[in-house]
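Structural characterization, general
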Amino acid sequence: MIKFDEDAFNIFLKTFVIIEEGETLSAYSRFALLRPYPQELVAKLCIPGRGFELNADGQPLKILRKNMTTLAQTWSVLSYSNLVPTSHTSDITLDRAKLIYGIIMKMDMNLGYLISHQISIIAQHDSSRLGFPALITALCKGRGVTLDSRSLESLSPAINLAYIKKNCWNLDDPTVTFRGPRKARGKRSKAPPTTAAPDASAPSSSTLSYPTTAAPSSSTPATPAPTPAQ
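For clarity, every value in this text was computed on a predicted model and none was experimentally measured.

1. Overview of the nonpolar core
Ranked by internal contacts, the top residues of the largest apolar core, which has 43 residues, are Leu45, Ile63 and Ile92. Of all the elements in the fold, those that place two or more residues in this core are α2 (27-32), α3 (38-45), α4 (70-82), α5 (94-104), α6 (111-124) and α7 (133-142). Not counting residues up to four positions away in its chain, the partners in contact with leucine 45 are Ile63, Asn67, Met68, Thr69, Ala72, Ile92, Ala97, Ile100, Tyr101 and Ile104.

2. As for the packing of aromatic side chains
For the structure shown, the criterion picks out three aromatic pairs. Judged by centre distance (6.0 Å) and plane angle (45°), the rings of tyrosine 28 and phenylalanine 31 are tilted. One end of the pair, tyrosine 28, and the other, phenylalanine 31, are both in helix α2, three residues apart, so they sit about a helical turn from each other. For the residue pair tyrosine 28 and phenylalanine 31, the accessibility class agrees, reading buried in each case. Ring pairs connect the aromatic residues Tyr28, Phe31 and Tyr101, which therefore count as one cluster. Lysine 98 extends its terminal NZ or CZ atom over the ring of phenylalanine 31, reaching a point 5.9 Å from the ring centre.

3. Observations regarding α5
Counting buried positions along α5 yields nine of eleven residues, so the element is predominantly enclosed. Buried within α5 we find Arg96, Ala97, Lys98, Leu99, Ile100, Tyr101, Gly102, Ile103 and Ile104. Structurally, α5 contributes buried residues whose contacts are with α2, α3, β2 (60-64), α4 and β3 (91-93). Note on α5: the residue one or two positions beyond its end, lysine 106, has a positive phi of about 60°.

4. Concerning helix α1 (residues 6-13)
Among the residues of α1, those classed as buried are Ala8, Phe9 and Asn10. Immediately beyond the C-terminal end of α1, within one or two residues, lies lysine 14, with a positive phi of roughly 60°.

5. What about the pattern of salt bridges?
It is possible for side chains bearing opposite charge to pair when their charged atoms get close. Across all of its chains, the model carries three salt bridges by this definition. We note a salt bridge from arginine 30 to glutamate 20, for which the minimum N-O separation is 3.4 Å. With arginine 30 in helix α2 and glutamate 20 in the loop between α1 and α2, this pair connects stretches of sequence that are ten residues apart. Take arginine 30: its relative accessible area is 22%, and that puts it in the partly exposed class. The shortest N-O distance in the salt bridge between aspartate 91 and lysine 62 comes to 3.8 Å.

Cut-offs and rules
- Residues numbered from 1 in each chain as written.
- Predicted model: local features only at pLDDT ≥ 70, side-chain atom pairs only at ≥ 80, totals over all residues.
- Heavy atoms only, no water.
- Core = buried A, V, L, I, M, F, W, Y, C linked by side-chain atoms within 4.5 Å.
- Buried < 20%, exposed > 50% of the residue type's maximum accessible area, 1.4 Å probe, protein only.
- Helix = DSSP H or I, 4+ residues; strand = E, 2+ residues; numbered from the N terminus.
- Contact = heavy atoms within 4.5 Å.
- Phe/Tyr/Trp six-rings, centres within 6.5 Å; stacked < 30°, edge-to-face > 60°.
- Lys NZ or Arg CZ within 6 Å of the ring centre and 35° of its normal.
- Salt bridge = Lys/Arg side-chain N within 4 Å of Asp/Glu carboxyl O.

The values are spatial; any link to function lies outside them.
Written out as structure tokens, the structure reads:
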């Protein structure tokens, strides 16, 4: 018997739940119960002048990826595989926007509940998806289940500086500055040849500067839940 409840995941991942005195839910779980002002989310997730796409009733529906800040795009990539699995990555729903907002605002979250809840949802629906395959495999291995290495597949690339610059950097985001060549928006004309020697004083690697919040590393984040913990 291999448990996959919230306590089992929080112990396995060493993500402890912090609940403030006098409360019964984590900070993010309480936030998830509210209907925040859309502009509150937009201020943290979108580049200037952009916001939610609205539905027919004028209610917030989704945020297009191209309208998200570099930091929001980076956390959304992690959420697609590690927090709330999905193959739809061209935009984020209101619930996922609240999740990413909670991460950026460093709200305490019950990560074990989030993952356990997502596994239950996937298992109860008629879907070919398999959420959290690496985590499930690790849980089984920890209980002595024999693994067939031929069935294992490689993990997604690490979310490091090179990945962020290639896949998450929004050129219209004024809060992020890279040193080094900018990624192309589209096709460019071929640059003319030059005989000038490279500047030896130029930095050999790109750097990323965020004004307040650090981008995620490839390690397990201590975070979220789109639906409140029970």
